[in-house]
Amino acid sequence: MPGLAVFWGCRVLSGDVALELSVRKVLETLGVDITDLEPQSCCGEPIRSLNLTASCYLALRILALSASKGYNEVLMPCSKGYFMANWSLDMLSRSGELSEAISKAFSSEGLSLDRLSRPIDLVELVYRAVGPEGLRNKVEKPLGLRVALHPGCYFMRSKPGTGEGLRKLAELRELLSAVGVEAPYYPGMMDCCGGSLWLTRQDAALTLAGSKLKAASESSLDCLVVLCPSCFEMLDARQEDALSAVGEKKGVPVLYLPQLLGLALGIDPAELGLRFNRSPVEELSVVR
Amino acid sequence: MSGLTDLMTMAKPNEALKARIIALLARGPDMCLQCGRCTSGCTAFRLLELKPHEIVCSAKMGFVEELVSSKSIWDCALCLKCAERCPQEVSPYELILSLRNEAISKGLEIPEALRDILMTLMETGLAFKPKKAVDREGKAYGREELGLPALRTGLSEQALMALMELLGGA
Ligand code: SF4
Ligand code: SF4
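Residues numbered from 1 in each chain as written. Chains lettered and ligands numbered in written order. Predicted model: local features only at pLDDT ≥ 70, side-chain atom pairs only at ≥ 80, totals over all residues. Heavy atoms only, no water.

Concerning helix H3 (residues 52-68) of chain A
Residues and elements named next belong to chain A.
Now for step 1: The terminal C-alpha atoms of H3, which comprises 17 residues, lie 24 Å apart, in line with the 24 Å expected from a rise of 1.5 Å per residue.
Now for step 2: The element H3 is largely enclosed, with a buried count of 16 among its 17 residues.
Now for step 3: Gly70 lies just past H3 and shows a positive phi near 95 degrees. (Helix = DSSP H or I, 4+ residues; strand = E, 2+ residues; numbered from the N terminus. Expected span 1.5 Å × (residues − 1). Buried < 20%, exposed > 50% of the residue type's maximum accessible area, 1.4 Å probe, protein only.)

Quick look at the structure:
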(Lines give C-alpha, C1' and ligand atoms only; values in the text may rest on other atoms or scores of the structure.)
(Ligands and ions follow the chains in the order given, each with its own letter.)
Protein backbone atom coordinates (compact mmCIF):
# COMPACT_ATOMS: atom_id res chain seq x y z
CA MET A 1 0.00 0.00 0.00
CA PRO A 2 1.51 3.38 -0.98
CA GLY A 3 1.46 6.00 1.76
CA LEU A 4 -1.77 7.07 3.32
CA ALA A 5 -2.51 10.79 3.62
CA VAL A 6 -4.51 12.15 6.51
CA PHE A 7 -6.83 15.13 6.36
CA TRP A 8 -7.73 16.37 9.86
CA GLY A 9 -10.11 19.21 9.10
CA CYS A 10 -10.87 22.58 10.66
CA ARG A 11 -12.54 21.33 13.80
CA VAL A 12 -9.51 19.33 14.85
CA LEU A 13 -7.12 22.13 13.93
CA SER A 14 -9.14 24.70 15.84
CA GLY A 15 -8.27 23.08 19.14
CA ASP A 16 -10.07 19.72 19.25
CA VAL A 17 -6.84 17.81 19.77
CA ALA A 18 -8.43 14.85 21.57
CA LEU A 19 -9.28 13.30 18.21
CA GLU A 20 -5.93 14.01 16.59
CA LEU A 21 -3.87 12.79 19.55
CA SER A 22 -5.86 9.59 19.92
CA VAL A 23 -5.96 8.76 16.21
CA ARG A 24 -2.20 9.25 15.91
CA LYS A 25 -1.44 7.13 18.99
CA VAL A 26 -3.79 4.31 18.05
CA LEU A 27 -2.51 4.07 14.48
CA GLU A 28 1.09 4.20 15.68
CA THR A 29 0.38 1.35 18.10
CA LEU A 30 -1.28 -0.64 15.33
CA GLY A 31 1.66 0.00 13.01
CA VAL A 32 -0.27 2.04 10.44
CA ASP A 33 1.68 4.92 8.86
CA ILE A 34 -0.04 8.17 8.01
CA THR A 35 1.34 11.35 6.45
CA ASP A 36 -0.27 14.74 7.05
CA LEU A 37 -1.70 16.23 3.90
CA GLU A 38 -0.40 19.78 3.59
CA PRO A 39 -1.66 22.41 3.45
CA GLN A 40 -4.86 21.52 5.29
CA SER A 41 -7.93 23.51 4.25
CA CYS A 42 -11.69 23.62 4.73
CA CYS A 43 -13.62 20.57 3.41
CA GLY A 44 -16.57 22.75 2.40
CA GLU A 45 -19.02 21.26 4.91
CA PRO A 46 -19.75 24.50 6.78
CA ILE A 47 -20.65 26.39 3.59
CA ARG A 48 -23.11 23.91 2.06
CA SER A 49 -26.01 26.23 2.84
CA LEU A 50 -24.21 29.06 1.14
CA ASN A 51 -23.17 27.48 -2.12
CA LEU A 52 -23.29 23.83 -3.10
CA THR A 53 -20.80 24.12 -5.94
CA ALA A 54 -18.25 25.92 -3.80
CA SER A 55 -18.59 23.41 -0.98
CA CYS A 56 -18.18 20.44 -3.32
CA TYR A 57 -15.21 22.21 -4.89
CA LEU A 58 -13.47 22.45 -1.52
CA ALA A 59 -14.16 18.79 -0.72
CA LEU A 60 -13.02 17.50 -4.10
CA ARG A 61 -9.97 19.73 -4.02
CA ILE A 62 -8.72 17.82 -0.98
CA LEU A 63 -9.05 14.54 -2.87
CA ALA A 64 -7.34 16.04 -5.91
CA LEU A 65 -4.54 17.63 -3.89
CA SER A 66 -3.93 14.37 -2.11
CA ALA A 67 -3.85 12.45 -5.40
CA SER A 68 -1.47 15.00 -6.92
CA LYS A 69 0.95 14.19 -4.10
CA GLY A 70 0.77 10.52 -4.95
CA TYR A 71 -1.64 9.21 -2.31
CA ASN A 72 -4.24 6.71 -3.46
CA GLU A 73 -6.23 7.15 -0.29
CA VAL A 74 -6.83 9.84 2.25
CA LEU A 75 -7.91 9.14 5.81
CA MET A 76 -10.63 11.48 7.05
CA PRO A 77 -11.13 10.94 10.78
CA CYS A 78 -13.78 13.70 10.87
CA SER A 79 -17.11 12.18 9.77
CA LYS A 80 -18.18 15.47 8.23
CA GLY A 81 -15.10 15.65 6.01
CA TYR A 82 -15.55 12.00 5.10
CA PHE A 83 -19.19 12.62 4.22
CA MET A 84 -18.36 15.72 2.16
CA ALA A 85 -15.88 13.72 0.11
CA ASN A 86 -18.37 10.94 -0.58
CA TRP A 87 -21.30 13.22 -1.22
CA SER A 88 -19.32 15.44 -3.60
CA LEU A 89 -18.29 12.34 -5.53
CA ASP A 90 -21.95 11.31 -5.77
CA MET A 91 -22.97 14.80 -6.91
CA LEU A 92 -20.16 14.77 -9.44
CA SER A 93 -21.19 11.44 -10.92
CA ARG A 94 -24.72 12.70 -11.51
CA SER A 95 -24.30 16.29 -12.57
CA GLY A 96 -22.44 17.36 -15.70
CA GLU A 97 -22.87 20.98 -14.73
CA LEU A 98 -21.06 20.45 -11.45
CA SER A 99 -18.12 18.63 -12.98
CA GLU A 100 -17.71 21.36 -15.56
CA ALA A 101 -17.66 24.10 -12.92
CA ILE A 102 -15.20 22.19 -10.77
CA SER A 103 -12.86 21.20 -13.60
CA LYS A 104 -12.67 24.85 -14.45
CA ALA A 105 -11.95 25.81 -10.85
CA PHE A 106 -9.24 23.13 -10.69
CA SER A 107 -7.45 24.19 -13.86
CA SER A 108 -5.42 27.09 -12.42
CA GLU A 109 -3.75 24.70 -9.97
CA GLY A 110 -3.26 21.92 -12.49
CA LEU A 111 -5.57 19.59 -10.53
CA SER A 112 -7.81 17.10 -12.26
CA LEU A 113 -11.09 15.34 -11.55
CA ASP A 114 -9.60 12.26 -13.17
CA ARG A 115 -7.12 11.86 -10.34
CA LEU A 116 -8.76 11.81 -6.94
CA SER A 117 -7.69 9.99 -3.79
CA ARG A 118 -10.27 7.68 -2.27
CA PRO A 119 -11.60 8.88 1.09
CA ILE A 120 -11.53 6.37 3.93
CA ASP A 121 -12.61 6.69 7.53
CA LEU A 122 -11.03 5.38 10.71
CA VAL A 123 -13.31 2.37 11.03
CA GLU A 124 -12.56 1.16 7.50
CA LEU A 125 -8.84 1.75 8.00
CA VAL A 126 -8.58 -0.16 11.28
CA TYR A 127 -10.83 -2.91 9.99
CA ARG A 128 -8.69 -3.38 6.91
CA ALA A 129 -5.28 -2.84 8.52
CA VAL A 130 -5.65 -5.20 11.48
CA GLY A 131 -9.26 -6.37 11.55
CA PRO A 132 -11.12 -7.48 14.66
CA GLU A 133 -8.76 -10.43 15.22
CA GLY A 134 -5.61 -8.35 14.86
CA LEU A 135 -7.05 -5.79 17.22
CA ARG A 136 -8.02 -8.43 19.77
CA ASN A 137 -4.44 -9.71 19.78
CA LYS A 138 -3.12 -6.28 20.69
CA VAL A 139 -5.50 -5.62 23.56
CA GLU A 140 -3.66 -5.00 26.83
CA LYS A 141 -6.69 -4.05 28.87
CA PRO A 142 -10.04 -5.55 27.82
CA LEU A 143 -12.48 -2.80 28.70
CA GLY A 144 -15.58 -4.70 29.75
CA LEU A 145 -17.80 -1.73 28.97
CA ARG A 146 -21.31 -1.41 27.65
CA VAL A 147 -21.48 1.85 25.75
CA ALA A 148 -24.07 4.07 24.13
CA LEU A 149 -22.58 4.25 20.66
CA HIS A 150 -23.46 7.41 18.76
CA PRO A 151 -22.52 6.58 15.17
CA GLY A 152 -23.67 10.00 13.97
CA CYS A 153 -25.41 11.10 10.78
CA TYR A 154 -22.33 11.51 8.64
CA PHE A 155 -20.88 8.10 9.48
CA MET A 156 -24.20 6.27 9.15
CA ARG A 157 -25.40 8.11 6.07
CA SER A 158 -22.22 8.97 4.17
CA LYS A 159 -23.77 7.25 1.12
CA PRO A 160 -27.51 7.61 1.74
CA GLY A 161 -29.79 4.99 0.29
CA THR A 162 -27.07 2.41 -0.37
CA GLY A 163 -27.18 0.31 2.80
CA GLU A 164 -23.55 1.25 3.38
CA GLY A 165 -24.30 2.68 6.82
CA LEU A 166 -25.46 -0.61 8.33
CA ARG A 167 -22.46 -2.42 6.88
CA LYS A 168 -20.13 0.15 8.43
CA LEU A 169 -21.96 -0.06 11.73
CA ALA A 170 -21.53 -3.84 11.78
CA GLU A 171 -17.77 -3.46 11.23
CA LEU A 172 -17.57 -0.87 13.95
CA ARG A 173 -19.36 -3.18 16.37
CA GLU A 174 -16.95 -6.00 15.53
CA LEU A 175 -14.01 -3.76 16.33
CA LEU A 176 -15.63 -2.69 19.59
CA SER A 177 -16.36 -6.22 20.60
CA ALA A 178 -12.70 -7.10 19.92
CA VAL A 179 -11.67 -4.64 22.65
CA GLY A 180 -14.30 -5.88 25.08
CA VAL A 181 -16.95 -3.27 24.37
CA GLU A 182 -20.57 -4.05 23.77
CA ALA A 183 -22.62 -1.42 21.91
CA PRO A 184 -26.27 -2.46 22.21
CA TYR A 185 -29.13 -0.63 20.56
CA TYR A 186 -30.74 2.08 22.70
CA PRO A 187 -33.64 4.36 21.80
CA GLY A 188 -32.36 7.28 19.76
CA MET A 189 -29.10 5.58 18.81
CA MET A 190 -29.35 6.73 15.18
CA ASP A 191 -30.52 10.22 16.06
CA CYS A 192 -28.77 13.44 15.21
CA CYS A 193 -26.70 15.40 17.78
CA GLY A 194 -27.73 18.77 16.35
CA GLY A 195 -24.23 19.68 15.16
CA SER A 196 -25.31 21.08 11.81
CA LEU A 197 -28.49 22.64 13.16
CA TRP A 198 -26.29 24.66 15.52
CA LEU A 199 -25.53 27.06 12.65
CA THR A 200 -29.16 28.03 12.15
CA ARG A 201 -31.26 27.02 15.19
CA GLN A 202 -29.17 26.90 18.34
CA ASP A 203 -31.95 26.14 20.87
CA ALA A 204 -33.27 23.24 18.85
CA ALA A 205 -29.72 21.98 18.32
CA LEU A 206 -29.12 21.90 22.07
CA THR A 207 -32.41 20.07 22.58
CA LEU A 208 -31.23 17.39 20.16
CA ALA A 209 -27.89 17.06 21.94
CA GLY A 210 -29.64 17.02 25.31
CA SER A 211 -32.08 14.31 24.21
CA LYS A 212 -29.16 12.21 23.07
CA LEU A 213 -27.42 12.57 26.44
CA LYS A 214 -30.66 11.80 28.23
CA ALA A 215 -31.23 8.69 26.13
CA ALA A 216 -27.70 7.54 26.93
CA SER A 217 -28.25 8.11 30.68
CA GLU A 218 -31.60 6.36 30.72
CA SER A 219 -30.24 3.34 28.92
CA SER A 220 -27.84 2.95 31.90
CA LEU A 221 -24.90 2.32 29.61
CA ASP A 222 -21.41 3.32 30.75
CA CYS A 223 -20.63 6.23 28.44
CA LEU A 224 -21.32 7.78 25.06
CA VAL A 225 -18.89 7.00 22.24
CA VAL A 226 -18.64 9.33 19.26
CA LEU A 227 -16.66 9.39 16.03
CA CYS A 228 -17.10 12.91 14.77
CA PRO A 229 -15.70 16.19 16.13
CA SER A 230 -18.98 17.93 15.43
CA CYS A 231 -20.83 15.40 17.62
CA PHE A 232 -18.08 15.71 20.21
CA GLU A 233 -18.54 19.46 20.29
CA MET A 234 -22.29 19.15 20.87
CA LEU A 235 -22.20 16.25 23.32
CA ASP A 236 -18.97 16.90 25.20
CA ALA A 237 -17.95 20.56 24.93
CA ARG A 238 -21.54 21.87 25.09
CA GLN A 239 -22.80 19.15 27.43
CA GLU A 240 -23.83 21.48 30.25
CA ASP A 241 -25.98 23.63 27.98
CA ALA A 242 -27.37 20.58 26.22
CA LEU A 243 -28.39 18.99 29.52
CA SER A 244 -30.08 22.11 30.76
CA ALA A 245 -31.97 22.41 27.47
CA VAL A 246 -33.78 19.18 28.40
CA GLY A 247 -33.90 19.82 32.16
CA GLU A 248 -31.28 17.22 33.04
CA LYS A 249 -28.38 17.45 35.44
CA LYS A 250 -26.57 14.17 35.36
CA GLY A 251 -23.42 14.36 33.25
CA VAL A 252 -22.51 11.64 30.77
CA PRO A 253 -18.91 10.68 29.98
CA VAL A 254 -18.21 11.12 26.27
CA LEU A 255 -15.25 9.46 24.57
CA TYR A 256 -13.98 9.44 21.03
CA LEU A 257 -13.82 5.99 19.43
CA PRO A 258 -10.00 6.14 19.10
CA GLN A 259 -9.72 7.14 22.77
CA LEU A 260 -11.66 4.03 23.67
CA LEU A 261 -9.56 1.84 21.38
CA GLY A 262 -6.42 3.45 22.78
CA LEU A 263 -7.38 2.64 26.37
CA ALA A 264 -7.86 -0.99 25.40
CA LEU A 265 -4.48 -1.01 23.66
CA GLY A 266 -2.93 0.05 26.97
CA ILE A 267 -2.04 3.59 25.89
CA ASP A 268 -1.66 6.09 28.76
CA PRO A 269 -4.88 8.20 29.05
CA ALA A 270 -2.76 11.37 29.02
CA GLU A 271 -1.46 10.45 25.57
CA LEU A 272 -5.04 10.03 24.31
CA GLY A 273 -5.87 13.63 25.12
CA LEU A 274 -8.45 12.74 27.77
CA ARG A 275 -7.74 15.95 29.65
CA PHE A 276 -9.40 17.75 26.74
CA ASN A 277 -12.75 16.03 27.25
CA ARG A 278 -15.08 18.28 29.22
CA SER A 279 -17.57 15.57 30.19
CA PRO A 280 -17.06 13.53 33.40
CA VAL A 281 -14.79 10.87 31.86
CA GLU A 282 -13.16 10.30 35.26
CA GLU A 283 -16.32 8.37 36.22
CA LEU A 284 -15.01 5.54 34.07
CA SER A 285 -12.62 3.29 35.93
CA VAL A 286 -10.72 2.49 32.71
CA VAL A 287 -9.67 6.14 32.48
CA ARG A 288 -8.23 6.37 35.96
CA MET B 1 -47.59 22.48 -15.61
CA SER B 2 -47.66 26.23 -16.17
CA GLY B 3 -51.47 26.16 -15.97
CA LEU B 4 -51.31 25.40 -12.21
CA THR B 5 -52.32 27.95 -9.62
CA ASP B 6 -51.99 27.52 -5.88
CA LEU B 7 -55.53 28.36 -4.78
CA MET B 8 -54.42 29.30 -1.27
CA THR B 9 -51.95 31.94 -2.39
CA MET B 10 -52.80 32.36 -6.10
CA ALA B 11 -49.10 31.72 -6.73
CA LYS B 12 -48.00 30.47 -10.16
CA PRO B 13 -45.23 27.93 -10.66
CA ASN B 14 -41.85 29.33 -11.63
CA GLU B 15 -40.33 26.69 -13.88
CA ALA B 16 -37.18 28.69 -14.65
CA LEU B 17 -36.35 29.11 -10.98
CA LYS B 18 -37.17 25.48 -10.32
CA ALA B 19 -34.80 24.42 -13.09
CA ARG B 20 -32.02 26.51 -11.58
CA ILE B 21 -32.60 25.15 -8.10
CA ILE B 22 -32.52 21.51 -9.10
CA ALA B 23 -29.89 21.80 -11.85
CA LEU B 24 -26.97 20.58 -9.74
CA LEU B 25 -28.77 18.10 -7.58
CA ALA B 26 -27.79 14.47 -7.74
CA ARG B 27 -31.22 13.48 -6.42
CA GLY B 28 -33.81 16.03 -7.50
CA PRO B 29 -37.53 16.08 -6.53
CA ASP B 30 -39.17 14.89 -9.74
CA MET B 31 -39.37 11.18 -8.87
CA CYS B 32 -41.13 11.86 -5.55
CA LEU B 33 -44.35 9.89 -5.08
CA GLN B 34 -45.36 11.61 -1.84
CA CYS B 35 -45.07 8.52 0.33
CA GLY B 36 -44.07 10.63 3.34
CA ARG B 37 -41.22 8.41 4.51
CA CYS B 38 -38.88 11.40 4.62
CA THR B 39 -41.12 13.36 6.94
CA SER B 40 -41.93 10.38 9.12
CA GLY B 41 -38.25 10.02 10.03
CA CYS B 42 -37.29 13.67 9.89
CA THR B 43 -35.30 15.06 12.83
CA ALA B 44 -36.64 18.57 12.30
CA PHE B 45 -40.22 17.36 11.93
CA ARG B 46 -40.27 16.08 15.51
CA LEU B 47 -38.70 19.24 16.79
CA LEU B 48 -39.81 22.07 14.53
CA GLU B 49 -42.55 20.56 12.34
CA LEU B 50 -40.51 20.72 9.16
CA LYS B 51 -42.22 18.61 6.48
CA PRO B 52 -39.70 17.64 3.82
CA HIS B 53 -42.32 15.82 1.69
CA GLU B 54 -44.25 19.07 1.38
CA ILE B 55 -41.13 20.95 0.37
CA VAL B 56 -40.38 18.31 -2.24
CA CYS B 57 -43.99 18.44 -3.49
CA SER B 58 -43.99 22.22 -3.89
CA ALA B 59 -40.63 22.14 -5.63
CA LYS B 60 -41.76 19.40 -7.98
CA MET B 61 -44.75 21.50 -9.01
CA GLY B 62 -42.60 24.59 -9.43
CA PHE B 63 -43.82 26.59 -6.43
CA VAL B 64 -40.29 27.46 -5.43
CA GLU B 65 -40.40 31.17 -4.67
CA GLU B 66 -42.39 30.61 -1.48
CA LEU B 67 -39.91 27.94 -0.45
CA VAL B 68 -36.90 30.16 -1.02
CA SER B 69 -38.34 32.86 1.20
CA SER B 70 -39.73 30.52 3.85
CA LYS B 71 -38.16 30.35 7.30
CA SER B 72 -38.70 26.63 7.50
CA ILE B 73 -35.84 25.71 5.15
CA TRP B 74 -33.52 26.92 7.93
CA ASP B 75 -35.02 24.39 10.38
CA CYS B 76 -33.46 21.39 8.65
CA ALA B 77 -30.87 19.59 10.79
CA LEU B 78 -29.02 18.28 7.71
CA CYS B 79 -29.17 14.80 9.27
CA LEU B 80 -29.67 12.97 5.93
CA LYS B 81 -32.34 10.64 7.27
CA CYS B 82 -34.68 11.72 4.48
CA ALA B 83 -32.15 10.89 1.78
CA GLU B 84 -31.50 7.54 3.44
CA ARG B 85 -35.17 6.64 3.72
CA CYS B 86 -36.51 7.81 0.36
CA PRO B 87 -37.49 4.87 -1.87
CA GLN B 88 -37.24 7.06 -4.96
CA GLU B 89 -33.68 8.35 -4.65
CA VAL B 90 -34.94 11.83 -3.91
CA SER B 91 -32.86 13.83 -1.47
CA PRO B 92 -34.94 16.46 0.34
CA TYR B 93 -31.66 17.31 2.08
CA GLU B 94 -30.06 18.40 -1.20
CA LEU B 95 -33.13 20.31 -2.25
CA ILE B 96 -33.22 22.22 1.04
CA LEU B 97 -29.55 23.15 0.68
CA SER B 98 -30.15 24.40 -2.83
CA LEU B 99 -33.13 26.46 -1.65
CA ARG B 100 -30.91 27.96 1.06
CA ASN B 101 -28.26 28.78 -1.58
CA GLU B 102 -30.90 30.66 -3.53
CA ALA B 103 -32.18 32.51 -0.46
CA ILE B 104 -28.66 33.64 0.38
CA SER B 105 -27.81 34.70 -3.15
CA LYS B 106 -31.00 36.76 -3.24
CA GLY B 107 -29.93 38.40 0.03
CA LEU B 108 -33.05 37.13 1.82
CA GLU B 109 -31.23 35.54 4.68
CA ILE B 110 -27.78 34.67 5.91
CA PRO B 111 -27.34 33.13 9.35
CA GLU B 112 -24.79 35.01 11.38
CA ALA B 113 -22.71 31.94 12.15
CA LEU B 114 -22.40 31.31 8.44
CA ARG B 115 -21.27 34.84 7.79
CA ASP B 116 -18.48 34.40 10.36
CA ILE B 117 -17.43 31.12 8.81
CA LEU B 118 -17.24 32.68 5.37
CA MET B 119 -15.04 35.50 6.65
CA THR B 120 -12.72 33.06 8.41
CA LEU B 121 -12.59 30.90 5.30
CA MET B 122 -11.57 33.80 3.09
CA GLU B 123 -8.95 34.88 5.62
CA THR B 124 -7.44 31.53 6.56
CA GLY B 125 -8.65 28.84 4.16
CA LEU B 126 -10.22 27.12 7.18
CA ALA B 127 -13.77 27.47 8.47
CA PHE B 128 -12.58 27.82 12.05
CA LYS B 129 -9.36 29.56 13.04
CA PRO B 130 -6.53 27.36 14.30
CA LYS B 131 -6.49 27.72 18.08
CA LYS B 132 -4.58 26.40 21.06
CA ALA B 133 -6.18 23.44 22.75
CA VAL B 134 -7.62 24.20 26.19
CA ASP B 135 -7.86 21.40 28.74
CA ARG B 136 -10.55 20.97 31.39
CA GLU B 137 -8.53 23.03 33.88
CA GLY B 138 -8.41 25.92 31.41
CA LYS B 139 -4.74 25.46 30.54
CA ALA B 140 -3.88 26.15 26.88
CA TYR B 141 -1.45 24.03 24.88
CA GLY B 142 0.25 24.70 21.57
CA ARG B 143 0.77 21.83 19.15
CA GLU B 144 4.49 21.47 19.96
CA GLU B 145 3.76 21.11 23.67
CA LEU B 146 1.52 18.16 22.83
CA GLY B 147 4.13 16.59 20.60
CA LEU B 148 2.05 17.32 17.49
CA PRO B 149 3.79 18.37 14.27
CA ALA B 150 3.34 21.90 12.95
CA LEU B 151 0.93 21.77 10.01
CA ARG B 152 0.71 24.14 7.10
CA THR B 153 -2.87 25.30 6.55
CA GLY B 154 -4.72 27.47 4.07
CA LEU B 155 -5.76 27.73 0.44
CA SER B 156 -3.43 28.70 -2.37
CA GLU B 157 -4.01 32.04 -4.05
CA GLN B 158 -5.39 30.25 -7.13
CA ALA B 159 -7.79 28.21 -5.00
CA LEU B 160 -9.01 31.34 -3.23
CA MET B 161 -9.63 33.00 -6.59
CA ALA B 162 -11.50 29.96 -7.87
CA LEU B 163 -13.55 29.82 -4.68
CA MET B 164 -14.48 33.49 -4.93
CA GLU B 165 -15.52 33.01 -8.50
CA LEU B 166 -17.78 30.11 -7.56
CA LEU B 167 -19.27 32.16 -4.76
CA GLY B 168 -19.98 34.94 -7.24
CA GLY B 169 -17.65 37.39 -5.57
CA ALA B 170 -19.40 36.96 -2.18
S1 SF4 C 1 -39.51 9.78 0.95
FE2 SF4 C 1 -38.97 10.37 -1.16
S3 SF4 C 1 -40.72 9.72 -2.40
FE4 SF4 C 1 -41.40 9.70 -0.26
S5 SF4 C 1 -42.31 11.74 0.06
FE6 SF4 C 1 -40.17 11.90 0.70
S7 SF4 C 1 -39.08 12.59 -1.11
FE8 SF4 C 1 -41.07 11.86 -1.82
S1 SF4 D 1 -31.92 16.32 6.44
FE2 SF4 D 1 -33.97 15.56 5.89
S3 SF4 D 1 -34.59 14.28 7.63
FE4 SF4 D 1 -32.88 15.56 8.34
S5 SF4 D 1 -33.84 17.37 9.28
FE6 SF4 D 1 -33.43 17.88 7.11
S7 SF4 D 1 -35.31 17.33 6.02
FE8 SF4 D 1 -35.43 16.33 8.00
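As for the interface of chain B and chain A
Now for step 1: Residue-level contacts link 66 residues of chain B with 69 residues of chain A.
Now for step 2: Where chain B abuts chain A, roughly 6,100 Å² becomes buried across the two surfaces, and 63% of that area is made up of carbon and sulfur atoms.
Now for step 3: By the criterion of area lost to chain A, the three top residues of chain B are B:Leu24, B:Arg136 and B:Leu166, representing 13% of everything that side buries.
Now for step 4: Remark: the boundary between chain B and chain A carries eight salt bridges.
Now for step 5: Ionic pairing is found between A:Asp90 and B:Arg27, a salt bridge with its closest N-O pair at 3.1 Å. (Contact = heavy atoms within 4.5 Å. Buried area = accessible area lost by both parts, 1.4 Å probe. Salt bridge = Lys/Arg side-chain N within 4 Å of Asp/Glu carboxyl O.)

What to know about the environment of B:Leu163
Now for step 1: Along the chain, B:Leu163 turns up in helix H9 (residues 157-166).
Now for step 2: Here the alpha-carbon distance between B:Leu163 and B:Glu65, two residues 98 residues apart in the chain, equals 27 Å.
Now for step 3: What B:Leu163 contacts, discounting residues up to four positions off in sequence, is A:Ala54, A:Tyr57, A:Leu58, B:Leu121, B:Met122 and B:Leu155.

Overview of the pattern of salt bridges
Now for step 1: In this structure the tally under the stated criterion is 33 salt bridges over all chains.
Now for step 2: Ionic pairing is found between A:Glu271 and A:Lys25, a salt bridge with its closest N-O pair at 3.3 Å. On the criterion of sequence distance, the pair formed by A:Glu271 in the segment after helix H13 (257-264) and A:Lys25 in helix H2 (residues 17-30) is long-range, its members being 246 residues apart.
Now for step 3: Overall, the relative accessible area of 38% leaves A:Glu271 in the partly exposed class.
Now for step 4: Among the ionic pairs, B:Asp75 bridges to A:Arg201, the shortest N-O distance being 2.5 Å. Of this pair, B:Asp75 sits in the loop between helix H5 (65-69) and helix H6 (81-85) while A:Arg201 sits in the loop between strand E7 (181-182) and helix H10 (202-218), each in a different chain.

A short note on the environment of A:Lys141
All names here are of chain A.
Now for step 1: Along the chain, the position of Lys141 falls in the loop between helix H7 (131-138) and strand E5 (145-146).
Now for step 2: By relative accessible area, Lys141 is classed as partly exposed at 33%.
Now for step 3: With 76 residues separating them along the chain, Lys141 and Ser217 place their C-alpha atoms 25 Å apart.
Now for step 4: Setting aside residues no more than four positions away along its own chain, Lys141 makes contact with Leu263, Ala264 and Val286.

Here we look at the domain arrangement of chain A
Residue and element names in this part refer to chain A.
Now for step 1: Taken as a whole, chain A is organised into domain 1 (4-120) and domain 2 (132-283).
Now for step 2: Taken over C-alpha atoms, the centre of domain 1 sits 23 Å from the centre of domain 2.
Now for step 3: Taking both partners together, domain 1 and domain 2 bury about 2,100 Å²; carbon and sulfur atoms supply 68% of that area.
Now for step 4: Viewed at the interface, domain 2 and domain 1 are joined by two salt bridges.
Now for step 5: Between Glu233 and Arg11 there is a salt bridge, with its nearest N and O atoms 3.2 Å apart. (Domains from an automatic or database assignment.)

A word on the site of ligand 2
Now for step 1: In the vicinity of ligand 2 lie 13 residues, with B:Cys42, B:Cys76, B:Ala77, B:Cys79 and B:Cys82 positioned nearest.
Now for step 2: Of the residues contributing to the shell around ligand 2, the split by class is eleven nonpolar, one polar and one charged. (Near = heavy atom within 4 Å. Nonpolar A, V, L, I, M, F, W, Y, C, P; charged D, E, K, R; others polar.)

Thoughts on the sheet that holds strand E3 (residues 73-75) of chain A
Residues and elements named next belong to chain A.
Now for step 1: Strands sit in the order E2-E1-E3-E4 across an open sheet of four strands; the sheet is parallel. Among the strands making up the open sheet, the edge pair consists of strand E2 (35-36) and strand E4 (118-120).
Now for step 2: Relative to E3, strand E1 (residues 4-6) runs parallel, the two sharing three bridges. Across the sheet, the residue bridging to Leu4 is Glu73, located in E3. (Pairing = 2+ DSSP bridges.)

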